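Listed here are the chains, written in short residue letters.
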Amino acid sequence: MTTWEILAVFVAGISAGTINTIVGSGTLITFPVLLATGLPPVTATVSNALGLIPGSVSGAIGYRVELAGQGRRVLKLAIGALIGGLTGATLLLALPSTAFETIVPILVALALVLVILQPRISKAVQRRREHTGTPARPDGGPLLFVGLMLASIYGGYFTAAQGIIYLSLMGMLLDDTMQRLNAVKNVLAAVVNSIAALFFLFVADFDWTAVALIAVGSALGGQIGAKIGRRLSPTVLRILIVAVGTVAIVQLMLR
């Protein structure tokens, strides 16, 4: 890499770590930059997955206060994320690179609709529970587990906008604040990135310069994102999710 390419990848790592912690979709920043340096798509994907792990961990640590009391929920959902992430990583090497290009913008668009409607959906679900006397399940039940596992399959394959899909599913099926759900999202993203990268270590080629630059940058970005994201109101956070998701859809459709 040239000096300017090194700087660009490092800055992209910081930006991705920041936006991933707050919302998600940081891969839409790092992936094009890695391609611009001349890396093949698969090498860029696996190098990006490995490099973003420190950012995901850093973001989760930054949200440690919001994670308090969610241990059992996180553990159960992380199992689904692990299975999905490993499946997605396997599919990356088995399927053509265009396999998810058609469905991904649709998935992200649906997730954004759910994020927008989440307050109304939550109120409707709460009224139904009160009417039937059915208590809320703290882990979201089988529907959330399966939904997050399927989202993690996509996350292990490409990762772009997986955080938005996570937040939409949890917001619809869990009775909790957006900030606490965002904390869980950061842990699940770290699980998916880690299991996918571990798999890639044995079967794919990495660009270790790119990995190191993104790793350091995303770790810094994770702390920045936690400081910013934890101060946002639920409404502002929801608006930011929709804005970033809309940009993600446009970028994915133009690829």
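For clarity, every value in this text was computed on a predicted model and none was experimentally measured. (Residues numbered from 1 in each chain as written. Predicted model: local features only at pLDDT ≥ 70, side-chain atom pairs only at ≥ 80, totals over all residues. Heavy atoms only, no water.)

Q: Looking at this model, I keep getting lost on the overall build of the protein chain. Mind explaining?
A: Of regular secondary structure, the protein chain possesses 12 helices and zero strands. A burial count over the protein chain gives 52% of its 255 residues as buried. Considering only residue pairs separated by 6 or more positions, the protein chain has 84% of its internal contacts joining residues 24 or more positions apart. (Helix = DSSP H or I, 4+ residues; strand = E, 2+ residues; numbered from the N terminus. Buried < 20%, exposed > 50% of the residue type's maximum accessible area, 1.4 Å probe, protein only. Contact = heavy atoms within 4.5 Å.)

Q: Explain the environment of Val 33 here, please?
A: Relative to the helices and strands, Val 33 resides in helix H2 (residues 27-36). Between the C-alpha atoms of Val 33 and Glu 5, which are 28 residues apart in sequence, the distance is 8.4 Å. Residues in contact with Val 33, not counting those within four places in the same chain, are Ala 8, Val 9 and Ala 12.

Q: Which parts of the structure should I look at to understand a nonpolar patch on the surface?
A: On the surface, a cluster of nonpolar side chains totalling about 700 Å² of accessible area is made up of Val 42, Leu 93, Leu 198, Leu 201, Phe 202, Val 203 and Trp 208. No other element matches helix H10 (residues 178-203), which puts four residues into the nonpolar patch. With respect to the helices, strands and loops of the structure, Leu 201 is situated in helix H10. (Patch = residues over 30% accessible without salt bridge, like charges linked within 9 Å, V, L, I, M, F, W, Y side chains within 5 Å. Areas by Shrake-Rupley, 256 points an atom, 1.4 Å probe, with all protein chains shown as cover. Salt bridge = Lys/Arg side-chain N within 4 Å of Asp/Glu carboxyl O.)

Q: How do you make sense of helix H1 (residues 3-22) when you look at a structure like this?
A: For the α-helix, the turn length of 3.6 residues means that residues three or four positions removed from each other point alike. Between its terminal C-alpha atoms H1 stretches 29 Å, which fits the 28 Å expected from 20 residues at 1.5 Å a residue. Listing the buried residues of H1 in full gives Val 9, Ala 12, Gly 13, Ala 16, Gly 17, Thr 18, Ile 19, Asn 20, Thr 21 and Ile 22. A positive phi of about 130 degrees marks Gly 24, the residue just after H1. (Expected span 1.5 Å × (residues − 1).)

Q: Would you take a moment to explain empty space enclosed by the protein for this structure?
A: A water-sized probe rolled over the atoms picks out the places where empty space is left. Throughout the structure, instances matching the rule amount to two cavities of 30 Å³ or more. Along the walls of the largest cavity sit 16 residues, with Asn 20, Ser 56, Gln 162, Ala 189 and Asn 193 positioned nearest its centre. Counting residues per element, the ones that place at least two in the lining of the largest cavity are H1, helix H4 (53-62), helix H9 (162-173) and H10. In terms of residue count, the dominant contributor to the lining of the largest cavity is H10 (four residues). Of the residues belonging to the lining of the largest cavity, the class tally is two nonpolar, 13 polar and one charged. Each pocket or cavity is described by its volume, and for the second largest cavity that value is around 50 Å³. Of all elements in the fold, only H2, helix H3 (41-51) and helix H8 (141-157) reach the threshold of two or more residues within the lining of the second largest cavity. Of all the elements, H3 adds the most residues to the lining of the second largest cavity, at four residues. (1 Å grid on protein atoms, 1.4 Å probe; cavity = no way out; pocket = protein on both sides within 12 Å on 5 of 7 lines; lining within 4 Å. Points joined across faces, edges and corners; volume = space filled by probe spheres on them. Nonpolar A, V, L, I, M, F, W, Y, C, P; charged D, E, K, R; others polar.)

Q: Which parts of the structure should I look at to understand the side chain of Lys 185?
A: Of note, Lys 185 is situated in helix H10. Within the buried set, Lys 185 has no salt-bridge partner at all; the shortest N-O distance to an opposite charge, 12 Å, is to Glu 66. One polar contact links the side chain of Lys 185 to the main-chain carbonyl oxygen of Asn 20, over a distance of 2.6 Å. Sequence-distant contacts of Lys 185, defined by excluding residues within four places in its chain, comprise Asn 20, Thr 21, Ile 22, Val 23, Gly 24, Gly 163, Tyr 166, Leu 167 and Met 170. (Lys, Arg positive; Asp, Glu negative; His and termini not counted. Polar contact = N/O pair within 3.5 Å; in protein donor to acceptor, adjacent residues only side chain to side chain.)

Q: Would you mind going over the packing of H4 against helix H11 (residues 208-229) with me for this structure?
A: How two helices pack is summed up by the angle between their axes together with the distance between the axes. The N-to-C vectors of H4 and H11 enclose an angle of 20 degrees; their axes lie 7 Å apart at closest approach. The angle between H4 and H11 places the two elements in the roughly parallel class. As for how H4 packs across H11, the hand of that crossing is right-handed. Where H4 abuts H11, its residues Pro 54, Gly 55, Ser 58, Gly 59 and Gly 62 lie against Ala 215, Ser 218, Ala 219, Gly 222, Gln 223 and Ala 226. Residues that form the contact of H4 with H11 fall into these classes: four nonpolar, seven polar and no charged. (Axes fitted to C-alpha atoms, helices over the stretch in contact; angles between N-to-C directions. Parallel < 35°, antiparallel > 145°, perpendicular 65-115°, else oblique. Left-handed = near helix turned anticlockwise from the far one by under 90°.)

Q: Which parts of the structure should I look at to understand the nonpolar core?
A: Soluble globular proteins tend to bury their nonpolar side chains together. Grouped together as the largest cluster of nonpolar side chains are 61 residues, with contacts concentrated most on Leu 144, Leu 148, Met 170, Leu 188, Phe 200 and Ile 241. If you tally residues by element for this core, the top one is H10, at 10 residues. The residues contacting Phe 200, other than those within four sequence positions of it, are Val 46, Ala 49, Ala 89, Leu 92, Leu 93, Gly 156 and Phe 206. (Core = buried A, V, L, I, M, F, W, Y, C linked by side-chain atoms within 4.5 Å.)

Q: Before we go on, may I ask you to explain the packing of helix H6 (residues 71-94) against H8 in this structure?
A: Where H6 meets H8, the axes come as close as 6 Å, and the angle between the chain directions of the two elements is 35 degrees. You can see that H6 and H8 cross each other, and the crossing is right-handed. Here the residues of the contact of H6 with H8 sort into 13 nonpolar, seven polar and one charged.

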